[in-house]
Protein chains: 2
Amino acid sequence: MKQALKATSCGIHAAASVVGKMEKLGPLGGVFDLHGDDDRFGQKTWEKAEAEMQRLALNTALAKGKLHEQDLDAILAGDLLNQCVGAAYGLKDFNVPYFGLYGACSTAAEGLILASLLTTNGYFERAAAVASSHNCTAERQYRSPLEYGAQRTPTAQWTVTGAGAFIVGGEESAMALIRGVLPGTVIEKGIKDAANMGAAMAPAAADTLLRFFGESNTVPEDFDLIVTGDLGYEGGAILCDLMAIEGVDIRKVYNDCGMMIYSRDTQDTHAGGSGCGCSAAVLASYLLPKLATGALRRVLFLGTGAMMSPQIIQQGEYIPAIAHLVCLTSKEEKEWKLC
Amino acid sequence: MKQALKATSCGIHAAASVVGKMEKLGPLGGVFDLHGDDDRFGQKTWEKAEAEMQRLALNTALAKGKLHEQDLDAILAGDLLNQCVGAAYGLKDFNVPYFGLYGACSTAAEGLILASLLTTNGYFERAAAVASSHNCTAERQYRSPLEYGAQRTPTAQWTVTGAGAFIVGGEESAMALIRGVLPGTVIEKGIKDAANMGAAMAPAAADTLLRFFGESNTVPEDFDLIVTGDLGYEGGAILCDLMAIEGVDIRKVYNDCGMMIYSRDTQDTHAGGSGCGCSAAVLASYLLPKLATGALRRVLFLGTGAMMSPQIIQQGEYIPAIAHLVCLTSKEEKEWKLC
């Protein structure tokens, strides 16, 4: 396989997040830009609420970056809903070229990779990446409507009600630098349990991470944080084990957005958070500000996605997964060479 | 809004198509690379059959281009299925970086645009764009299972059972050149009728086409063919009217992949063909060979997509649409300057 790691010279100018009530009550509740106490965001249906979260996230990111829609060359966006209607409807009023993405929970990272490659090479001056998920839309689409009160297994993750938007552009005036990107390949290791997506996605994260260390000649100790979004407790532990088997110990610097967004003591989400909105909101409002202040200096952000549909699982298929990697640094690390 | 037209210097090295029985029996039946007489392609479900068509299309395009998967830097692919499982499952065994796209029926054009921008700027040497649709998966997902024998309205289009794959790379040894691309914006003009997607998509095609002529200072007469995929007879007529209102007459050079793929006399598909696989298969096996021989010299290819879901339509929403434009020329036109 060809070298997949691409060096980039761009940055994230502004980012914003919108979350629901449960996320607001979690340990990161204080950092998110907007939240809704009833998860409806003034809309009559959950799907429209999710679309509204995408609109709010992008508008807030533009406002924080002192930018207008006409400053954008493109929007790259997606979500988990059938036909990605969260992005299509939420962003339809922006008069900006639109690229619809489907990367399941890796969508934020997929959008950041494409935006980075297209701004670094000068085709775009600025591009936005937007992703969202909503617990109520995801539960009824993938599992069963919340009203049924279906019991969840210990390995099940809790779909985050959240959206994140990122404005990618040149390095100057960026809050954090995007130094390189490594898109994932589709990995399927025989997991059929749609209530254990962490196990389905962990091998994809390991594949991408091992290729990254190999192609960049770096080691886990070169980074302050290696963060996946979203393997949860189950998948995160599997990833650490898979890496250890390969002789790469990431435990000291590893964390997962799905483990960070909820309190394990006071919020029983079983295996942690998931959904496109989880890694998007945590990166936008918790990790990027730390990179902006230099509290974090070198971060590997891996968006992980499980790309099955309920129908194809009913047809006996396994779960294909993907992990897209984005290497972020603070501006203090500008002299550090990734590759 | 910023200039959206981007000049590119790349080409399509190879392309391939896979279609079903009805498409094989149509006026273009002789040009497609592969076809299946039972539309199952050896699979037990329609969804798996569609995934198999994507695999066959990419493998055939690679074989025609005398390339292997390790020659690809990326695959950009999508389809109409929930969670885009046609692409994710059909292409999961290719060990190549994967970007999932959702552009509804504009997916082939969306993939070609991103592949063109990323190969022109040198990030990728070669990238594949793949898209598919299947009549049986689309009908039961969007409308009702074929077994119900639901009656179709005159404006309804027939979802093509087909897949197309394109290998984009440098200009040398290309069968056709990609000279410029113009990504579409999401356009929604108040159409709610999911059985009249041509009407929903025509305004998006007009918006993209008018911006293209404005930004490139070209006129319809500069092109041998302006082809949409897929507005069908209904949407195609609306597009021509919308353009005429703006003082731009495209009638002399206009056609639509959905009008070309079926015989109106012997195959009653009502308003013509649709689905990601329609424009992908027609471009891959009918239009590109004509560009390769010089029978066509300058072509504007517009992928048009309607990005609603059945659920959001049931919730009373309108249909947002998009049209992505790719400007193709034969190698004889290398000296012609687009912009």
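Residues numbered from 1 in each chain as written. Chains lettered and ligands numbered in written order. Predicted model: local features only at pLDDT ≥ 70, side-chain atom pairs only at ≥ 80, totals over all residues. Heavy atoms only, no water.

**Some thoughts on the interface of chain A and chain B**
Counting residues at the interface gives 63 residues for chain A, matched by 63 residues for chain B. Overall, the association of chain A and chain B removes approximately 5,400 Å² of surface from exposure, summing both partners, and the carbon and sulfur fraction of that is 59%. Sorting the residues of chain A by area buried against chain B places K2, Q83 and Y123 of chain A first, and these three jointly supply 16% of that buried surface. Linking chain A with chain B are 10 salt bridges. Across the salt bridge formed by K92 of chain B and E188 of chain A, the nearest N and O atoms sit 3.1 Å from each other. Where chain A touches chain B, the interface holds 36 residue pairs in polar contact (both at pLDDT 80 or more). Looking at the side of chain A that touches chain B, the elements with two or more residues in it are strand 1 (6-19), helix 2 (46-64), helix 3 (85-90), strand 4 (98-100), helix 4 (107-120), helix 5 (135-142), helix 10 (310-314) and strand 13 (321-329) of chain A. Here the element with the most residues in the side of chain A that touches chain B is helix 4 of chain A; it accounts for six residues. Of the residues contributing to the side of chain A that touches chain B, the split by class is 34 nonpolar, 16 polar and 13 charged. (Contact = heavy atoms within 4.5 Å. Buried area = accessible area lost by both parts, 1.4 Å probe. Salt bridge = Lys/Arg side-chain N within 4 Å of Asp/Glu carboxyl O. Polar contact = N/O pair within 3.5 Å; in protein donor to acceptor, adjacent residues only side chain to side chain. Helix = DSSP H or I, 4+ residues; strand = E, 2+ residues; numbered from the N terminus. Nonpolar A, V, L, I, M, F, W, Y, C, P; charged D, E, K, R; others polar.)

**A closer look at the nonpolar core**
Of all hydrophobic cores here, the largest spans 258 residues; its most connected members are L58, I75 and F166 of chain A together with L58, I75 and F166 of chain B. Apart from residues no more than four positions distant in its own chain, I75 of chain A is found in contact with L58, L91, F94, V96, P97, Y98, F99, A128 and V130 of chain A. (Core = buried A, V, L, I, M, F, W, Y, C linked by side-chain atoms within 4.5 Å. Buried < 20%, exposed > 50% of the residue type's maximum accessible area, 1.4 Å probe, protein only.)

**Concerning the pairing of strand 13 of chain A**
All names here are of chain A. By the criterion of burial, strand 13 is predominantly enclosed, with nine of the nine residues buried. Here strand 13 shows two buried faces, one formed by A321, A323, L325, C327 and T329 and the other by I322, H324, V326 and L328. Alignment of strand 8 (residues 176-182) against strand 13, held across five bridges, turns out to be antiparallel. Among the inter-strand pairings, I178 is bridged to a residue of strand 13, identified as L328. (Pairing = 2+ DSSP bridges.)

**So, helix 4 of chain A**
With 14 residues, helix 4 of chain A ought to run about 20 Å at 1.5 Å a step, and its terminal C-alpha atoms sit 20 Å apart, in line with that. Following helix 4 of chain A by one or two positions, G122 of chain A has its phi on the positive side, about 90°. (Expected span 1.5 Å × (residues − 1).)

**A look at the confidence of the model for chain A**
Here chain A shows a mean pLDDT of 97. Residues at 70 or above account for 100%. With pTM at 0.98, the complex prediction returns an ipTM value of 0.98. (pLDDT = per-residue confidence, 0-100.)

**Structural notes on the domain arrangement of chain A**
Residues and elements named next belong to chain A. For chain A, the domain assignment lists domain 1 (6-169) and domain 2 (180-331). When each unit is reduced to the centre of its C-alpha atoms, the spacing between domain 1 and domain 2 is 17 Å. Between domain 1 and domain 2, the contact holds 53 residues from the first and 53 residues from the second. Buried area between domain 1 and domain 2, both sides added, is near 3,800 Å², and the carbon and sulfur share of it is 67%. (Domains from an automatic or database assignment.)

**Brief notes about the pairing of strand 1 of chain A**
All names here are of chain A. The buried count for strand 1 comes to 12 of 14 residues, which makes it a mostly enclosed element. Where strand 1 lies against strand 8, five bridges are found, and the strand directions are antiparallel. Paired with C10 across the two strands is I178, which belongs to strand 8. Here strand 1 pairs with strand 7 (residues 162-169) via eight bridges, running antiparallel. Its bridge partner being in strand 7, V18 is matched across the sheet by A163. As paired strands, strand 1 and strand 2 (residues 34-35) are joined by two bridges and run parallel to one another. Residue pairing in the sheet places V19 in a bridge with H35 of strand 2.

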